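Structure assessment
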Amino acid sequence: MSAALIDGKAFAAGLRDRVGTLAARFEAQVGRKAGLAVVLVGEDPASQVYVRSKGKQTVEAGMASFEYKLPADTSEADLLARVEALNADPVIDGILVQLPLPDHIDEQKVIATIAPDKDVDGFHVVNAGRLAVGQPGFVPCTPLGCLMLLKDRLGTLAGREAVVIGRSNIVGKPMAQLLLAESCTVTVAHSRTADLPAVVRRADIVVAAVGRPEMVKADWLKPGATVIDVGINRVAAAEPGKTRLVGDVDFTGASTVAGAITPVPGGVGPMTIAVLLRNTLVAAWRNAGQPLAPDAI
Ligand SMILES: NC(=O)C1=CN([C@@H]2O[C@H](COP(=O)(O)OP(=O)(O)OC[C@H]3O[C@@H](n4cnc5c(N)ncnc54)[C@H](OP(=O)(O)O)[C@@H]3O)[C@@H](O)[C@H]2O)C=CC1
Ligand SMILES: Nc1nc(=O)c2c([nH]1)NC[C@@H]1CN(c3ccc(C(=O)N[C@@H](CCC(=O)O)C(=O)O)cc3)C=[N+]21
């Protein structure tokens, strides 16, 4: 059997188009563009690539991108002051502080300083709480993107067995909350899980968010399972000196057992940025006093 490919890249392009239509309407009605501020501290090359790509896609969707590149030795106090200035700026609808931050800066403190209604990453404890109790708020982009792909593929998720591997605050935990809200039976596995292959074998839906290259093997999967691979791992390529990206799932093997699977690259990654634009647009309409209907986009 050969799994269907879940084309996150194509789905993300469609989502960006829908965002673009509503962003144009926002500008026409409100008289300014929806605005996203991205703050990058330091020169991590991978972070620089993501930030550039976010800025480009923000502009392509008809929104305004404000980029703040701060030196690696920026003090925590200066970063907090920058975030507070963005909180107070009426042309900024969404704020993203690229993670990870340098070691001398407390990430939790920075996240706690972002105004919850501009927290388009959904990392603030207020938004995590809203998600946990089922109130409207911002949901982290990566898990929301995974959920969109799953619903597009499977329709209703109610009653399905879902296993999320990973329990980080930015992917695993919010992913589990979203699947629970869709009435899946959810298991969250992590590094202390006993017999992970046996746990994964129960799953109709597997979301792997671990950060270990090709860890999930074909014989861990229930035949026909839907597999969402969040992992972004850079490994050595066959050609000396070159690298390539692989996920947390052994894609080639898993494709012979799964019903459907996301590739890396071209799966969850592009969805993350498209959902960021979506969340920014939702923030903009709300900040302008005309909130969109919950299922508008
Ligand atoms: N596509 C995208 O847009 C994004 C991709 N990512 C990628 O997703 C992956 C996960 O990211 P993130 O959640 O931030 O990572 P974290 O490192 O914060 O969390 C990893 C999780 O995996 C668990 N884990 C580690 N080793 C094992 C193991 N051997 N067996 C089972 N579980 C294990 C950890 O368990 P424990 O809690 O017990 O330590 C932890 O809960 C990374 O590859 C990252 O690059 C992340 C964000 C966005
Ligand atoms: N505040 C904050 N919010 C984030 O959402 C955030 C962050 N910090 N720090 C880093 C992680 C990682 N992340 C990705 C975004 C896009 C791709 C992506 O587009 N990946 C492409 C490949 C890109 C490439 O070739 O390198 C793909 O999978 O097809 C991947 C990973 C967002 N993150």
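Bear in mind that the values here come from a model prediction, so they are computed numbers and not experimental data. (Residues numbered from 1 in each chain as written. Chains lettered and ligands numbered in written order. Predicted model: local features only at pLDDT ≥ 70, side-chain atom pairs only at ≥ 80, totals over all residues. Heavy atoms only, no water.)

**Here we look at the site of ligand 2**
- Within the structure, ligand 2 sits among 16 residues, and Val97, Gln98, Leu99, Asp121 and Gly266 are positioned closest to it.
- Contact distances for ligand 2 include 2.9 Å between a nitrogen atom and a backbone N or O atom of Val97.
- At 3.5 Å from an oxygen atom of ligand 2 is found a main-chain nitrogen or oxygen belonging to Gly269.
- Notes on ligand 2: free accessible area 680 Å², of which the protein chains cover 78%. (Near = heavy atom within 4 Å. Polar contact = N/O pair within 3.5 Å; in protein donor to acceptor, adjacent residues only side chain to side chain. Areas by Shrake-Rupley, 256 points an atom, 1.4 Å probe, with all protein chains shown as cover.)

**Overview of a nonpolar patch on the surface**
- Where nonpolar side chains cluster on the molecular surface, the patch consists of Val49, Tyr50 and Ile232 and spans about 260 Å² of accessible area.
- The topology assignment puts Tyr50 in helix 2 (residues 45-60).
- Under the relative-accessibility criterion, Tyr50 is labelled partly exposed at 37%. (Patch = residues over 30% accessible without salt bridge, like charges linked within 9 Å, V, L, I, M, F, W, Y side chains within 5 Å. Salt bridge = Lys/Arg side-chain N within 4 Å of Asp/Glu carboxyl O. Helix = DSSP H or I, 4+ residues; strand = E, 2+ residues; numbered from the N terminus. Buried < 20%, exposed > 50% of the residue type's maximum accessible area, 1.4 Å probe, protein only.)

**Points about the packing of helix 2 against helix 10 (residues 268-287)**
- Where helix 2 meets helix 10, the closest approach of the two axes is 10 Å, and the angle between their N-to-C directions is 50°. One way to sum up the angle between helix 2 and helix 10 is to call them oblique. Note on packing geometry: the crossing formed by helix 2 with helix 10 is right-handed. Counted together, Ser53, Lys54, Gln57 and Thr58 of helix 2 and Ile273, Leu276 and Leu277 of helix 10 form the full contact between these two elements.
- Among the residues making up the contact of helix 2 with helix 10, the classes are represented as three nonpolar, three polar and one charged. (Axes fitted to C-alpha atoms, helices over the stretch in contact; angles between N-to-C directions. Parallel < 35°, antiparallel > 145°, perpendicular 65-115°, else oblique. Left-handed = near helix turned anticlockwise from the far one by under 90°. Contact = heavy atoms within 4.5 Å. Nonpolar A, V, L, I, M, F, W, Y, C, P; charged D, E, K, R; others polar.)

**What to know about empty space enclosed by the protein**
- In this structure the tally under the stated criterion is one cavity of 30 Å³ or more.
- By volume, the largest cavity is sized at about 60 Å³.
- Taken together, Val97, Leu99, Leu101, Glu107, Val110, Ile111, Ile114, Asp119, Asp121 and Phe123 make up the lining of the largest cavity.
- For the lining of the largest cavity, the leading source of residues is helix 4 (residues 107-113), giving three residues. (1 Å grid on protein atoms, 1.4 Å probe; cavity = no way out; pocket = protein on both sides within 12 Å on 5 of 7 lines; lining within 4 Å. Points joined across faces, edges and corners; volume = space filled by probe spheres on them.)

**Regarding the UniProt feature "domain: Tetrahydrofolate dehydrogenase/cyclohydrolase NAD(P)-binding" (unreviewed entry) in the chain**
- Sites flagged by UniProt as "domain: Tetrahydrofolate dehydrogenase/cyclohydrolase NAD(P)-binding" (unreviewed entry) map to residues 140-286.
- The straight-line gap between the two end C-alpha atoms of residues 140-286 is 18 Å; of that span, 35% is helix and 19% is strand. (UniProt positions renumbered as here; feature names shortened; annotations may be inferred.)

**Things to note about the site of ligand 1**
- Close contacts around ligand 1 come from 22 residues, with Arg167, Ser168, Ser191, Arg212 and Thr272 the closest.
- Here an oxygen atom of ligand 1 sits 3.4 Å away from a polar atom, N or O, in the side chain of Thr142.
- Backbone polar atom of Val230 to a nitrogen atom of ligand 1: 3.4 Å apart, as the coordinates give it.
- The fraction of the free accessible surface of ligand 1 (930 Å²) that becomes covered by protein chains is 69%.
- No other element matches helix 10, which puts three residues into the shell around ligand 1.
- For the shell around ligand 1, the residue count by class is ten nonpolar, ten polar and two charged.

**Focus on unusual backbone geometry**
- At the junction of Leu99 and Pro100, the peptide bond is cis and its omega measures out at 0° in the coordinates.
- On the secondary structure map, Pro100 appears in the loop between strand 4 (94-97) and helix 4.
- Here the residue pair Val264 and Pro265 is connected by a cis peptide bond, since its omega of -5° sits within 30 degrees of zero.
- Tracing the backbone shows Pro265 in the loop between strand 11 (260-261) and helix 10.
- The phi angle at Ser183 is positive, at roughly 70°, despite the residue not being glycine.
- Residue Ser183 is classed as partly exposed on the basis of its relative accessible area, which comes to 45%.
- The residue Glu214 is not glycine, and still its phi comes out positive at about 55°.
- For Glu214, the position within the fold is in the loop between strand 7 (205-208) and strand 8 (226-229).

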